[in-house]
Amino acid sequence: MDHGNNVPTGDVNGPDGEVMLDIEVVGSIAPAASIVVYFAPNTDAGFHDAVAAAIHDTTNKPSVISISWGGAESTWTAQAMTAMDDAFQAAAAMGITVCVASGDNGSTDGVSDGNDHVDFPASSPYALGCGGTSLRANQTAITSEVVWNGGANGGASGGGISSFFPTPGWQMGKKATHRGGASVALTKRGVPDVAADADPATGYNVRIDGTDTVIGGTSAVAPLWAGLIARINQTTGTPAGYLNPMLYSRPQALRDIISGSNGDFEAAKGWDACTGLGTPNGAALPGAI
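Residues numbered from 1 in each chain as written. Predicted model: local features only at pLDDT ≥ 70, side-chain atom pairs only at ≥ 80, totals over all residues. Heavy atoms only, no water.

Some thoughts on the packing of helix α2 (residues 44–55) against helix α3 (residues 78–93)
Phase 1 of the analysis: Where α2 meets α3, the closest approach of the two axes is 10 Å, and the angle between their N-to-C directions is 5°. On the basis of their axis angle, the class for α2 and α3 is roughly parallel. When α2 is examined against α3, the residues Asp-44, Phe-47, His-48, Val-51 and Ile-55 are found in contact with a partner set consisting of Ala-80, Ala-83, Met-84, Ala-87, Phe-88 and Ala-91.
Phase 2 of the analysis: Residues belonging to the contact of α2 with α3 are distributed by class as follows: 9 nonpolar, 1 polar and 1 charged. (Axes fitted to C-alpha atoms, helices over the stretch in contact; angles between N-to-C directions. Helix = DSSP H or I, 4+ residues; strand = E, 2+ residues; numbered from the N terminus. Parallel < 35°, antiparallel > 145°, perpendicular 65-115°, else oblique. Contact = heavy atoms within 4.5 Å. Nonpolar A, V, L, I, M, F, W, Y, C, P; charged D, E, K, R; others polar.)

This is how it looks when you write it as structure tokens:
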């Protein structure tokens, strides 16, 4: 796309890892799915054109799109965010689910101005923003699951309140709980919507450029959700499409995460600005969609 090519760098921790993580997580969740990768220059225009090409791909006709790239809203122009949001709105109208990582730098999103920031394009109301948890389990059950927060250098689930997008109807009445317990009603779009395991300590075994390694982050959560939705689409025979309104009306289809923080926001009962509505309940989710 826009003369972008697949050019591996040999850097396991760089773009090679980002791309292969997405492919391998999707492939492990939905092994029979057709996976198409779109390459474009690393610019706002290139990013938008790759997304638009995927949405309007009449050859492969994707029912789910997974995006693990993004940056703080403050690093984007209003024009670029509006253009991407319009593309996601088109995807929703066409019955395509767009899963987007919420970022790995907690409530600041890596910005050092002392304020809270959320990641775009996860903050688009037409994206399913995917946050992170730290999960522990034995062979038969989950033993604990909290907000992923590895400390200053260990990464944390991105989440908070947008400074650009208004509150969607399906988030009206939701509150963000700040550190210390104070809750405030959303005045803008809240991020994320959902979550899954993102802790590198319990991460995903992948092979990148011939090297076996373990990677975590919300970059793994977006393709995990994408793979799960692809499986549901295959079972039902109908694309799930724009999931956000349905999930917010059926929160019982998710496992609510009520412990932990991502910096300035804390987990709480119901939706929160760390893990959204929670992590997937595989038994309940297909029926809810």
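Brief notes about the pairing of strand β13 (residues 211–215)
Phase 1 of the analysis: The pairing of strand β12 (residues 204–208) with β13 spans 5 bridges and is classified as antiparallel. Of the residues in β13, the one forming a bridge with Ile-208 is Thr-211.
Phase 2 of the analysis: Hairpin connection from β12 to β13: 2 residues lie between these consecutive antiparallel strands, with Asp-209 at a positive phi of about 50°. (Pairing = 2+ DSSP bridges.)

With respect to the pattern of salt bridges
Opposite charge on two side chains permits pairing when their charged atoms draw close.
Phase 1 of the analysis: Summed over the entire model, instances satisfying the criterion amount to 5 salt bridges.
Phase 2 of the analysis: Where Arg-189 meets Asp-193, a salt bridge forms, and the shortest distance between an N and an O atom there is 2.6 Å. There is no split in this pair, since Arg-189 and Asp-193 are both buried.
Phase 3 of the analysis: One salt bridge connects Asp-212 with Arg-207, and the closest N-O pair in it is separated by 2.8 Å.
Phase 4 of the analysis: Judged by its relative accessible area of 49%, Arg-207 falls in the partly exposed class. (Salt bridge = Lys/Arg side-chain N within 4 Å of Asp/Glu carboxyl O. Buried < 20%, exposed > 50% of the residue type's maximum accessible area, 1.4 Å probe, protein only.)

Overview of the nonpolar core
Phase 1 of the analysis: Core analysis: the biggest nonpolar cluster contains 42 residues, and Cys-99, Leu-128, Trp-225, Ile-229 and Leu-247 have the highest contact counts within it.
Phase 2 of the analysis: Put simply, the parts of the chain that give this core at least two residues each are α1 (15–29), β3 (97–101), β5 (128–137), β11 (194–197), β12, α4 (218–236), α5 (244–249) and α6 (285–288).
Phase 3 of the analysis: With 9 residues, the single largest contributor to this core is α4.
Phase 4 of the analysis: Excluding residues that lie within four positions of it along the chain, Trp-225 makes contacts with Cys-99, Leu-128, Cys-130, Val-194, Ala-195, Ala-196, Leu-254, Gly-278, Thr-279, Pro-280 and Leu-285.
Phase 5 of the analysis: By size, the runner-up hydrophobic cluster in this structure holds 22 residues, among which are Met-81, Val-118, Phe-120 and Ala-122. (Core = buried A, V, L, I, M, F, W, Y, C linked by side-chain atoms within 4.5 Å.)

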